Amino acid sequence: MERIVKTDSRVMSPLLMYLSVMFAAFLLISNVIANRMLQVGPWAIDAGTLTFPITYILSDVFSEVYGYKWSRRIAWTSLAINAVFALLILLVVRLPYPGWEGAGDDAANFAAALGNSWRIVLASLVAYCVGDLVDDRIFRRLRERSQKKYGDENIKGFAFRALFSSLIGHILDTNIFVFIAFAFIMPWDALPGMIILGIIIKWAYEWAVIPVTFRVAKWVRAKENSYSNERS
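Fair warning: this is a prediction, and the values are worked out from it, not measured in the lab.

(A) Looking closely at the overall build of the chain. Of regular secondary structure, the chain possesses eight helices and two strands. By the burial criterion, 44% of the 232 residues in the chain qualify as buried. Within the chain, counting contacts between residues at least 6 apart in sequence, those at least 24 apart form 82% of the total. Accessible area for the chain stands at about 11800 Å²; split by element, carbon and sulfur atoms hold 69% of it.

What follows is the structure, encoded as structure tokens:
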């Protein structure tokens, strides 16, 4: 059964709309702040690591509550928004600017802060397409097994599905993202540490918030079912 709740494929509920906007916003925020590097002991990571796991958490909620098709729709729409953002940054950096702005180095500072965003967004698009797609596929298969055993409405095994699928997704996503975004910019010997630390932080983040994610998934499904009852 594709949809876990009775959500009309032609109608987006208010809650689904809010969660979709939140998903797109956190993906965009992650790509912006990824321009900033953070020092963690002897390793460096991009600041986007702090917010990016939220997109995987929301993706698991979408898959659990709304089904695979809705999760894919939201992911592709959010990636398209990020692609437009990258193209606009690339265009704005290259457009002429008034002399008084350049005199204060404002234009140079803007280019230094966001000029590499197109590469980070490109890395994010490719990495997320692979990582989240694999995450969603694994989550879907595990969910289908659970449905057959416990029924559609049972959320049993959600924590295992979310953590296991996300781990595989993070491994693929982080490797692809770091290579495309930072190869030939950062020292090569810094990349392995960034990849390993990024995977550990992202997965530890999800471990820490899985009780909250579990409760959010239950609450969202209950809320959506109440919307369905109101429409029927």
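(B) How the structure looks around the packing of helix α1 (residues 14-33) against helix α3 (residues 68-94). At their nearest, the axes of α1 and α3 sit 9 Å apart, and the two run at 40° to each other. Between α1 and α3, the angle falls in the class oblique. Judged by the twist between their axes, the crossing of α1 over α3 is right-handed. Contacts between α1 and α3 involve Leu16, Ser20, Phe23, Ala24, Leu27, Leu28, Asn31 and Val32 from the former and Trp70, Ile74, Ala75, Ser78, Leu79, Ile81, Asn82 and Phe85 from the latter. Tallied by class, residues from the contact of α1 with α3 come to twelve nonpolar, four polar and no charged.

(C) Layout of the packing of aromatic side chains. Scanning the entire structure with this criterion turns up 13 aromatic pairs. Pairing Phe52 with Tyr128 gives two aromatic rings, centres 5.8 Å apart and planes at 85°, and the pair type is edge-to-face. One end of the pair, Phe52, is in the loop between β2 (43-46) and α2 (53-65); the other, Tyr128, is in helix α6 (residues 117-150), with 76 residues separating them in the sequence. Measuring from centroid to centroid gives 5.8 Å for Tyr56 and Tyr128, while their planes differ by 80°, and the two rings are edge-to-face. A residue pair is termed long-range when its members are at least 10 positions apart, and Tyr56 in helix α2 and Tyr128 in helix α6 qualify at 72 residues.

(D) View of the nonpolar core. Counting 32 residues, the largest nonpolar core has Leu19, Phe62, Tyr66, Tyr128 and Val220 as its most contacted members. Looking at this core, the elements that each hand over two or more residues are α1, α2, α3, α6, α7 (158-182) and α8 (191-231). At seven residues, the largest contribution of residues to this core is made by α3. Judged by nonpolar contacts, the second largest core, of 14 residues, contains Ala127, Val178, Ala181 and Phe182.

(E) The arrangement of the pairing of β2 in detail. Both strand β1 (residues 37-40) and β2 contribute to a ladder of four bridges, which runs antiparallel. Opposite Leu38, over in β2, you have Ile45 as the bridge partner.

(F) Structural view of the environment of His170. Mapped onto the elements, His170 comes out in helix α7. A sequence separation of 42 residues divides His170 from Tyr128, and the C-alpha atoms of the two residues are 9.2 Å apart. Ignoring anything within four residues of it in the chain, the contact list for His170 reads Tyr56, Ile199, Lys202, Trp203 and Glu206.

The rules behind these values
Residues numbered from 1 in each chain as written. Predicted model: local features only at pLDDT ≥ 70, side-chain atom pairs only at ≥ 80, totals over all residues. Heavy atoms only, no water. Helix = DSSP H or I, 4+ residues; strand = E, 2+ residues; numbered from the N terminus. Buried < 20%, exposed > 50% of the residue type's maximum accessible area, 1.4 Å probe, protein only. Contact = heavy atoms within 4.5 Å. Areas by Shrake-Rupley, 256 points an atom, 1.4 Å probe, with all protein chains shown as cover. Axes fitted to C-alpha atoms, helices over the stretch in contact; angles between N-to-C directions. Parallel < 35°, antiparallel > 145°, perpendicular 65-115°, else oblique. Left-handed = near helix turned anticlockwise from the far one by under 90°. Nonpolar A, V, L, I, M, F, W, Y, C, P; charged D, E, K, R; others polar. Phe/Tyr/Trp six-rings, centres within 6.5 Å; stacked < 30°, edge-to-face > 60°. Core = buried A, V, L, I, M, F, W, Y, C linked by side-chain atoms within 4.5 Å. Pairing = 2+ DSSP bridges.

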